[in-house]
Amino acid sequence: MHFLNLPGFNPATGISTDKHSKFPFISSVNGLFEPDPDSFNYQGMFSPFEQIEVDQQKHFYISEPNLKLVFKPGIAKRNMVLLDSIRPASQEYINELKADFYKGYQSGLADFTAELGPTYNALSIAHQQEILIAFMAECHHYLYFEGFAIPQVLFSLGYIQANLVLAYKEYRNIKDLTRPLNAVLETDRADQIIQQKEPDNAKIDYPKIPIKYSSSAILQLWLVLIDIHECQTQVLTQAFKSEKEIKTLLGNMFIDLSNKQPIIPETPHGFYELPQNYQVILNLLMHATYKLNYTYTNLKLLPYAQLLKDTFSTYSSIDVTYIGSNITKKLNEAVALLQELHQSSRAMNALKILEKIPQYAPHLKRR
């Protein structure tokens, strides 16, 4: 068992919220907070954490989706977080919550070794990995901010979050030790999270889809993935941070035949681990690519659906036929995400490209 010395914590029931009547209840303008439906993705290509600044000298990493929204920079100005479902939370109040969380986070960093137990270092590497995987799952289970703005609750969540961050780093470091020397991943500074630079299961001979429509336009469309985490109605972890990463992604899936000098590079096909809620935007991007490219290739939708399943973890358990038949089911929601990003030139460029697709016209007129 873990966290037994954490005040107000019970292994059976989790973090206590008994004192909730003395403090405000926090929610989103879109409704009450829900638990994260996904399991913790410790094997993904991208870091499962987002860095939040406390001030210019202090920061922490967070994976709990509801607190990601509450702590998001500039969220108070958009009046997206409510106190007692009535009044918007001020930035000053959000800073107070952040300070309570950070105190717990610091305490969790200090107690991580103790939480693993005195026998951890004596275990074999394989056994250590098993311990860490179970510990990460336990941390993720208890990391649920329901909305009770109790200082002790924020402290406890910060404590558990810090343990999850360090367990993840420890697991990735141990995993590197079990790989051949030439396969060890690069690491960032000691206070940063390790990220995989290239999928382990890259396939050079994967049957990619040819792009004969303007690959420049296709690139402009997919570049919105860099900014999509800034939308307010969805809590999305930033998975892509540069145009180079998007080009690599497209090179994983497509062959650029639209230019004498290809814009999309030739890269081995690989598998990307992304959060489940990326499905909405990925469906739109792939369907739009299919519609734009169809006149030039006459290729049906099913290969594009297969491409989604073969490339992104969010489709692993879904039948390809089902993906294809439901790919436009949440088209309105996907377009709305782009329309939220008023200050993103990438989102505006993507909307302009979508205007060229007749099927999208009714959805775009709702702006």
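Thoughts on the nonpolar core
Right, so step 1: Grouped together as the largest cluster of nonpolar side chains are 62 residues, with contacts concentrated most on Trp222, Phe254, Leu284 and Leu354.
Right, so step 2: Elements supplying a minimum of two residues to this core: β8 (209-211), α5 (215-222), α6 (243-253), α7 (279-297), α8 (302-311), α9 (320-325), α10 (331-340) and α11 (345-354).
Right, so step 3: Broken down by element, this core gets its largest block of residues, nine residues, from α7.
Right, so step 4: Those residues within four positions of Trp222 in sequence are excluded, and the remaining contacts are Ile246, Leu249, Leu250, Met253, Phe254, Leu282, Leu285, Met286 and Thr289.
Right, so step 5: By size, the runner-up hydrophobic cluster in this structure holds 55 residues, among which are Tyr42, Tyr93, Leu143 and Ala149.

Looking at the packing of α10 against α11
Right, so step 1: Where α10 meets α11, the closest approach of the two axes is 8 Å, and the angle between their N-to-C directions is 140°. With respect to α11, the element α10 is oriented oblique. Like other packed secondary-structure pairs, α10 and α11 cross with a definite hand, here left-handed. Along the contact surface, α10 presents Val335, Leu338 and Gln339, while α11 presents Ala347, Met348, Ala350, Leu351 and Leu354.
Right, so step 2: Partitioned by chemical class, the residues of the contact of α10 with α11 number seven nonpolar, one polar and no charged.

Describing the side chain of Glu64
Right, so step 1: If you trace the backbone, Glu64 turns up in the loop between β5 (59-62) and α1 (65-70).
Right, so step 2: One buried charged side chain, Glu64, makes no salt bridge at all; its nearest oppositely charged neighbour is Lys68, positioned 8.9 Å away.
Right, so step 3: Within polar-contact distance, the side chain of Glu64 engages the backbone nitrogen of Leu67 at 2.6 Å.
Right, so step 4: In this structure Glu64 touches Leu143, Tyr144, Phe145 and Gln161, once residues within four positions along its chain are discounted.

Observations regarding the sheet that holds strand β6 (residues 81-83)
Right, so step 1: Spatial ordering of the open sheet is given by β3-β6-β7, a layout of three strands whose pairing is antiparallel. Of all strands in the sheet, those with a lone pairing partner are β3 (26-28) and β7 (87-88), marking the two edges.
Right, so step 2: Where β6 lies against β7, two bridges are found, and the strand directions are antiparallel. In the sheet register, Leu82 faces β7, and the bridge partner there is Pro88.

Notes on empty space enclosed by the protein
Right, so step 1: Under the definition given, this model contains three cavities of 30 Å³ or more.
Right, so step 2: There is about 60 Å³ of room inside the largest cavity.
Right, so step 3: When the residues that make up the lining of the largest cavity are grouped by side-chain class, the tally is three nonpolar, one polar and three charged.

Digging into the confidence of the model for the chain
Right, so step 1: The predicted model of the chain averages 86 in pLDDT, with 91% of residues at 70 or higher.
Right, so step 2: Within the model, the stretch residues 179-201 combines pLDDT values under 50 with 42 contacts to residues more than four positions away or in other chains.

Thoughts on the layout of surface pockets
Right, so step 1: Of the pockets and cavities examined, the largest pocket occupies roughly 960 Å³.
Right, so step 2: Lining the largest pocket are 36 residues, and of these Asp36, Asp38, Pro65, Val235 and Asn277 sit closest to its centre.
Right, so step 3: When residues in the lining of the largest pocket are grouped by element, the largest group, four residues, is from α1.
Right, so step 4: Here the residues of the lining of the largest pocket are counted per class, giving 13 nonpolar, 18 polar and five charged.

Topic: the packing of aromatic side chains
Right, so step 1: In this structure the tally under the stated criterion is 24 aromatic pairs.
Right, so step 2: With a centroid separation of 4.8 Å and an interplanar angle of 50°, the aromatic rings of Phe60 and Phe101 are classed as tilted. With a gap of 41 residues between them, Phe60 in strand β5 and Phe101 in helix α2 (residues 91-116) connect regions that are remote in the sequence. Each member of the pair, Phe60 as well as Phe101, carries the same accessibility label: buried.
Right, so step 3: Taking the centre distance of 6.4 Å and the plane angle of 35° together, the rings of Phe60 and Tyr102 count as tilted. Remark: Tyr102 occurs in helix α2 and Phe60 occurs in strand β5; sequence separation between them is 42 residues. Of the two residues examined, Phe60 and Tyr102, each falls in the buried class.

The rules behind these values
- Residues numbered from 1 in each chain as written.
- Predicted model: local features only at pLDDT ≥ 70, side-chain atom pairs only at ≥ 80, totals over all residues.
- Heavy atoms only, no water.
- Core = buried A, V, L, I, M, F, W, Y, C linked by side-chain atoms within 4.5 Å.
- Buried < 20%, exposed > 50% of the residue type's maximum accessible area, 1.4 Å probe, protein only.
- Helix = DSSP H or I, 4+ residues; strand = E, 2+ residues; numbered from the N terminus.
- Contact = heavy atoms within 4.5 Å.
- Axes fitted to C-alpha atoms, helices over the stretch in contact; angles between N-to-C directions.
- Parallel < 35°, antiparallel > 145°, perpendicular 65-115°, else oblique.
- Left-handed = near helix turned anticlockwise from the far one by under 90°.
- Nonpolar A, V, L, I, M, F, W, Y, C, P; charged D, E, K, R; others polar.
- Lys, Arg positive; Asp, Glu negative; His and termini not counted.
- Salt bridge = Lys/Arg side-chain N within 4 Å of Asp/Glu carboxyl O.
- Polar contact = N/O pair within 3.5 Å; in protein donor to acceptor, adjacent residues only side chain to side chain.
- Pairing = 2+ DSSP bridges.
- 1 Å grid on protein atoms, 1.4 Å probe; cavity = no way out; pocket = protein on both sides within 12 Å on 5 of 7 lines; lining within 4 Å.
- Points joined across faces, edges and corners; volume = space filled by probe spheres on them.
- pLDDT = per-residue confidence, 0-100.
- Phe/Tyr/Trp six-rings, centres within 6.5 Å; stacked < 30°, edge-to-face > 60°.

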